Amino acid sequence: MTTATATFTYSHTVGFLAYRGRGFIHPIALALGDDGVMYVLNRGGPESVGRLEHKRVCICTVDEGYIGEWGTGGTDDGQFWWASDIARAADGRIFVTDEALQRVNIFDNEGNFIRHWGEVGEGPGQFNRPAAIAVAPDGTLLISDGLNHRIQRYTADGEYLGGWGEFGAQAGQFNTPWGITCDADGNVFVADWRNDRVQAFTSGGRFVGQWGTSGDWKGQLNRPASVEVDGEGYVYVADWGNERVQVFAPDGEVAAILLGNATTSSWAEDYLAANPDEQRARAEANLAPAVNPWRDHHREASAGIEGRFWGPTSVRVDGAGRIYVVDSCRHRVQIYRKVVG
């Protein structure tokens, strides 16, 4: 397949700002379940007593159905402090990394706490700011151990199986790795945050390639936060520092750059219909002001244009060709579609 055979189009938006219930508050990641179900991890705001309940997992569907929520902030079993990523195993168990509590929480499919594991340190199996988590095709877990600058592998029950990586900028080294994913063959892709690149490895950790350099032009990356691979080898990168998602074709060329095209979600429309003063103020506001074209990929433009991404922290794809972008600072998920042919 060549890059010309695939196009990427905006579909719709799920979510809006809500501290509890049907909505999100600084979502940072999501995991995909069956039949279009999304488990959206809300990092919430400052860690104050009145805001801890905002830290939760919201369960909804890609077609904007609301199912429920579970979880809260805190340091007890099953609670979150700086929740960083979420993943779902084939058996329905859900794993949430917490970079402040230096652990992985395990829940069942309905959000009931099972157990947690992890401890702070530099030794094998220990953590220093565990960031992203991915379930490999063989069911093992891969975790980017951010400030230990390495990747570690575990069983689903937390038994350490090995790892690789060290601090540096050479091939195979890391500087605060964040996003991580696997393809169907078990190859591992890592968003190497402070090295502004994505690296690819075999399932055993052998370096096989990289792409991206620092900058804001096509193909360059600025603090990539998340990486995903679809079944045809397209690689999706949440280019956080550039406020965009870049899509790389299997040959490494840039197939698309997504800047955000959000429309009002049905949840937001319901809220505005019940709050006519806010609806009126919104109708009178300029939600897409003119910007300096030289700043189109920067925060100045994204912060001022409501439809744009503002803090894209995670990207996921499903088998139906849908692309899910967690738009953290605007408390929503933007959905795109990949169309082939």
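Each remark here, short or long, concerns the structure printed above.
Treat the numbers as computed from the prediction; the structure is a model and nothing was measured.

Turning next to the sheet that holds strand β18 (residues 226-229). Strand pairing in a sheet relies on backbone hydrogen bonds, with the paired strands running either antiparallel or parallel. In spatial order, the strands read β18-β19-β20-β21; together these 4 strands make up an open sheet with antiparallel pairing. Edge strands, defined here as strands with exactly one partner in the open sheet, are β18 and β21 (254-258). For this sheet, the mean inter-axis angle between neighbouring strands, taken without regard to orientation, is 15 degrees. Relative to strand β20 (residues 244-248), strand β19 (residues 235-239) is paired through 5 bridges, and the arrangement is antiparallel.

A word on the nonpolar core. Nonpolar side chains in soluble globular proteins tend to end up buried together. Y39, I86 and V96 are the most contacted members of the largest nonpolar core, which totals 19 residues. Those elements that provide at least two residues to this core are β2 (27-32), β3 (37-42), β4 (56-61), β6 (83-88) and β7 (94-98). Here Y39 is in contact with A29, L30, A31, G33, V57, C58, I59, I86, R88, I94 and N109, once residues within four sequence places are set aside.

Under the counting rule described, the total for this entry stands at 21 aromatic pairs. Centroid distance Y10 to Y336: 5.6 Å. Interplanar angle 75 degrees. Geometry classified as edge-to-face. Highlighted residues: Y10 in strand β1 (residues 6-14) and Y336 in strand β24 (residues 332-340), separated in sequence by 326 residues. Under the relative-accessibility criterion, Y10 is labelled partly exposed at 22%. Take Y336: its relative accessible area is 1%, and that puts it in the buried class. Measuring from ring centre to ring centre gives 5.2 Å for W193 and W240, while their planes differ by 40 degrees; the resulting arrangement is tilted. With W193 in the loop between β15 (188-192) and β16 (197-201) and W240 in the loop between β19 and β20, the pair connects residues that are 47 residues apart, well separated along the chain. Here W193 falls in the buried class, since its relative accessible area comes to 17%. Residue classification places W240 among the partly exposed residues on the basis of a relative accessible area of 26%.

Let us now look at the pattern of salt bridges. Oppositely charged side chains are able to pair whenever their charged atoms sit close together. Taken as a whole, this structure holds 20 salt bridges when the rule is applied. The partner of D34 in a salt bridge is R88, with the nearest N and O atoms 3.6 Å apart. On the criterion of sequence distance, the pair formed by D34 in the loop between β2 and β3 and R88 in strand β6 is long-range, its members being 54 residues apart. The salt bridge involving R43 is made with E99; its shortest N-O contact spans 2.9 Å. Of this pair, R43 sits in the loop between β3 and β4 while E99 sits in the loop between β7 and β8 (103-107), and the two are 56 residues apart along the sequence. Owing to a relative accessible area of 6%, E99 belongs among the buried residues under this scheme. Residues joined in a network through salt bridges with shared partners are R20, R56 and E69.

Rules behind the numbers
- Residues numbered from 1 in each chain as written.
- Predicted model: local features only at pLDDT ≥ 70, side-chain atom pairs only at ≥ 80, totals over all residues.
- Heavy atoms only, no water.
- Pairing = 2+ DSSP bridges.
- Helix = DSSP H or I, 4+ residues; strand = E, 2+ residues; numbered from the N terminus.
- Axes fitted to C-alpha atoms, helices over the stretch in contact; angles between N-to-C directions.
- Core = buried A, V, L, I, M, F, W, Y, C linked by side-chain atoms within 4.5 Å.
- Buried < 20%, exposed > 50% of the residue type's maximum accessible area, 1.4 Å probe, protein only.
- Contact = heavy atoms within 4.5 Å.
- Phe/Tyr/Trp six-rings, centres within 6.5 Å; stacked < 30°, edge-to-face > 60°.
- Salt bridge = Lys/Arg side-chain N within 4 Å of Asp/Glu carboxyl O.

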